[in-house]
Amino acid sequence: LRIGLIPDALVFHKRRTTFDQFFRQAYSFGQGRILIFRAFPAELKPVHALPAVFTLGMAVWLLFILVQAGLMLRGDVMSPFMRGLLHTGTSMITVYFLIIFLHAAYQYKSLLIGIYSVYASLLQLLAYGLGFLGELFSLPAAGNGDAEKA
């Protein structure tokens, strides 16, 4: 097998035309990263896990919001530490998505593109993270030979 540069090569890049297709692609990429890791462990770098960390962080943030809502309904309040964590998470998420929105809206001179950019970036991180985590914690499929090796 020989690898080389072909300067005149044309490459077809299939664009995803719906957010559903984009989600499925990003989810598959997350799964694929773990599949590559299983075959070539040295190919998994810490940066590959960042979308999974983001996904887990979003889940914890949403859980904190639900806990706060439940406490408020009972007339209770969160501890100052927990409230501080919730506010820190909310601030970080807000700033992150505000930067994405402002950059896209400015670059393309469109508020709608700014909104779509926030949605697409959230979708990409969550889909990749869910695929990564789902594949990381999945059991080997029956009959693929991995079960016999264990």
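Look above for the structure.
Residues numbered from 1 in each chain as written. Predicted model: local features only at pLDDT ≥ 70, side-chain atom pairs only at ≥ 80, totals over all residues. Heavy atoms only, no water.

### A short note on the overall build of the protein chain
Check the secondary structure of the protein chain and you find five helices and zero strands. Ordered by position from N to C terminus, the α and β elements of the protein chain give α-α-α-α-α. Relative to its length of 150 residues, the protein chain is extended, with a C-alpha radius of gyration of 21 Å against a globular reference of 15 Å. Principal-axis analysis of the C-alpha atoms places the extent of the protein chain at approximately 70 × 55 × 25 Å. Here the protein chain, with 150 residues, has 23% of them falling under the buried criterion. Summed over its atoms, the accessible surface of the protein chain is roughly 11500 Å², and 71% of this surface lies on carbon and sulfur atoms. (Helix = DSSP H or I, 4+ residues; strand = E, 2+ residues; numbered from the N terminus. Rg over C-alpha atoms; globule rule 2.2 N^0.38 Å. Buried < 20%, exposed > 50% of the residue type's maximum accessible area, 1.4 Å probe, protein only. Areas by Shrake-Rupley, 256 points an atom, 1.4 Å probe, with all protein chains shown as cover.)

### Concerning helix H2 (residues 50–74)
End to end, H2 covers 36 Å across 25 residues, agreeing with the expected 36 Å (1.5 Å per residue, within 8%). Within the sequence span of H2, burial applies to Pro-51, Ala-52, Phe-54, Thr-55, Met-58, Trp-61, Phe-64 and Leu-71. Where H2 is buried, its residues contact helix H3 (80–108) and helix H4 (111–136). (Expected span 1.5 Å × (residues − 1). Contact = heavy atoms within 4.5 Å.)

### Here we look at the layout of surface pockets
Looking at the largest pocket, its volume works out to about 350 Å³. Those elements giving two or more residues to the lining of the largest pocket turn out to be H2 and H3. Residues belonging to the lining of the largest pocket are distributed by class as follows: eleven nonpolar, three polar and no charged. Roughly 210 Å³ of volume is contained in the second largest pocket. His-13, Lys-14, Arg-15, Arg-16, Thr-17, Thr-18, Phe-19, Phe-22 and Gln-25 are the residues that line the second largest pocket. A breakdown of the residues in the lining of the second largest pocket according to their chemical character gives two nonpolar, four polar and three charged. (1 Å grid on protein atoms, 1.4 Å probe; cavity = no way out; pocket = protein on both sides within 12 Å on 5 of 7 lines; lining within 4 Å. Points joined across faces, edges and corners; volume = space filled by probe spheres on them. Nonpolar A, V, L, I, M, F, W, Y, C, P; charged D, E, K, R; others polar.)

### Comments concerning the packing of H2 against H4
Packed helix pairs are specified by the crossing angle of their axes together with the interaxial distance, meaning the distance between the axes. Where H2 contacts H4, the two axes come as close as 7 Å, and the packing angle between them is 100°. When the interaxial angle is binned, H2 and H4 end up roughly perpendicular. Mapping the contact onto sequence places Pro-51, Ala-52, Phe-54, Thr-55, Leu-56 and Met-58 in H2 and Leu-122, Leu-125, Leu-126, Tyr-128, Gly-129, Leu-130, Phe-132 and Leu-133 in H4. Looking at the contact of H2 with H4, its residues break down into twelve nonpolar, two polar and no charged. (Axes fitted to C-alpha atoms, helices over the stretch in contact; angles between N-to-C directions. Parallel < 35°, antiparallel > 145°, perpendicular 65-115°, else oblique.)

### A short note on the pattern of salt bridges
Pairing between side chains of opposite charge can happen when their charged atoms approach one another. Scanning all chains against the criterion turns up three salt bridges. Ionic pairing is found between Arg-24 and Asp-20, a salt bridge with its closest N-O pair at 2.6 Å. Of this pair, Arg-24 and Asp-20 are both found in helix H1 (residues 19–39), four residues apart, which corresponds to roughly one turn of the helix. Note that Arg-74 is salt-bridged to Asp-76, the shortest N-O span being 2.7 Å. (Salt bridge = Lys/Arg side-chain N within 4 Å of Asp/Glu carboxyl O.)

### Focus on a nonpolar patch on the surface
Taken together, the side chains of Tyr-108, Leu-112, Ile-113, Ile-115 and Tyr-116 make up a nonpolar region of the molecular surface, amounting to roughly 500 Å² of accessible area. Counting residues per element, the nonpolar patch draws most heavily on H4, which supplies four residues. Following the sequence through the fold, Ile-115 ends up in helix H4. Taking relative accessible area as the criterion, Ile-115 reaches 49% and is therefore assigned partly exposed. (Patch = residues over 30% accessible without salt bridge, like charges linked within 9 Å, V, L, I, M, F, W, Y side chains within 5 Å.)

Any link to function would need more than the numbers given here.
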